[in-house]
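In case you want the letters, here they are:
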Amino acid sequence: MTLTAAEAAPVPARPEPPLAGTYRRLTGAHPALRVRLAPPPSGDGWARAGDLAADPEAVRAAIAFDAEAGERDHGTALRPDVAAGFCFHRWVWPVALAVTLPWFLERRVPRLPVGRVAFHRARGELTVEPVELVGLPGDPLATQGLLRTVPDEAALRAELLDAVHEHVAPMVAAFRPWVRRGPRTLWGTATDDVVEGLWFLAGRLGEEERAVAELTALLPGGGPAPFVGGAAFRPGDGMRTRTRSTCCLFYTVSPNELCFTCPRQQER
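Okay, so let's go over this structure. Note that the structure is a prediction, hence the values are computed from the model and not measured. (Residues numbered from 1 in each chain as written. Predicted model: local features only at pLDDT ≥ 70, side-chain atom pairs only at ≥ 80, totals over all residues. Heavy atoms only, no water.)

**A word on the nonpolar core**
A general tendency of soluble globular proteins is for nonpolar side chains to be buried together. Of all hydrophobic cores here, the largest spans 75 residues; its most connected members are Trp91, Leu126 and Phe175. The element best represented in this core is helix 5 (residues 80-106), accounting for 17 residues. With near-sequence residues (within four places) excluded, Phe175 lies in contact with Val59, Ile63, Ala84, Cys87, Phe88 and Leu186. (Core = buried A, V, L, I, M, F, W, Y, C linked by side-chain atoms within 4.5 Å. Buried < 20%, exposed > 50% of the residue type's maximum accessible area, 1.4 Å probe, protein only. Helix = DSSP H or I, 4+ residues; strand = E, 2+ residues; numbered from the N terminus. Contact = heavy atoms within 4.5 Å.)

What follows is the structure in structure tokens.
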């Protein structure tokens, strides 16, 4: 059978969705975390942010994952508030990175409200379905109606912080009764996760210096509220460091292994 010219022609490749390249680079640099563009699944080990924000039983189940992992990994039961704090941090860190890395690499900020995110903790797989992308003038996605533009870098930084706030604020409310800390402590954790997630990934991508400069401009210190503190990088023992706004309480399970950015280091 002879094919017509139209039948023999190669099928054009479907264009890659926005952000897919950035999330692929994330996984290449940090294989323990995969971010996939998809509606939030449910069941079979998936935790949906919308469920956590609305249902205390969903929060209880998510914290139980960290309590079980903590006892398995450290051979001792975690305090309930410590397990809750670990769970909050381990949720916010990857979600913040799903927002900050596109900003860092593409100058695009995805809006990820709680109804558009799910996390499979056991597989390290995060699904996100942005409701909007925000970028700068001249971004080619704007001409396709796929992106809203803001005037300049300062406005884009404000959009990034607002996008993080939009997702994290309901999670602060959901986790606060379990963590038994005030909102300032939880927002301090979120601030640290914004800074340290991108700092970590950018280091693996060979762009630590630029990330430090970008994060310092994003969070120069003292807010904006409800974010607590700032990037606050400084030299330390031959390497760059900072002091976290809050303690993650890891010392409660391993007293001799303080994180090198832990505020308790200052007490020594």
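**So, the pattern of salt bridges**
Summed over all chains, the structure comprises 30 salt bridges. Residue Arg36 is joined to Glu125 by a salt bridge in which the shortest nitrogen-to-oxygen separation is 2.6 Å. Taken together, the residues span a long stretch of sequence, with Arg36 in strand 1 (residues 34-37) and Glu125 in strand 5 (residues 125-128) at a distance of 89 residues. The class of Glu125 is buried, set by a relative accessible area of 6%. For Arg111, the salt bridge is made with Glu166, and the minimal N-O distance between the two is 3.2 Å. In this pair, Arg111 sits in strand 3 (residues 109-111) while Glu166 sits in helix 7 (residues 153-179), placing the two residues 55 residues apart along the sequence. (Salt bridge = Lys/Arg side-chain N within 4 Å of Asp/Glu carboxyl O.)

**With respect to the pairing of strand 4 (residues 117-120)**
Residues Val117 and Phe119 point to one face of strand 4 and Ala118 and His120 to the other, with burial holding for every one of them. Of the pairings in the sheet, the one linking strand 2 (residues 46-48) to strand 4 comprises three bridges and is antiparallel in character. Within the sheet, the bridge partner assigned to Trp46 lies in strand 4 and is His120. Judged from the four bridges that link them, strand 4 and strand 5 form a sheet pairing that is antiparallel. Counterpart to Phe119 in the pairing with strand 5 is Leu126. (Pairing = 2+ DSSP bridges.)

**Some points on the sheet that holds strand 5**
Overall, mixed pairing links the four strands, which are arranged 1-5-4-2 in an open sheet. Looking at strand neighbours, the two that pair on one side only are strand 1 and strand 2, the edges of this open sheet. Ignoring which end each strand starts from, the neighbouring axes of this sheet average 20° apart. (Axes fitted to C-alpha atoms, helices over the stretch in contact; angles between N-to-C directions.)

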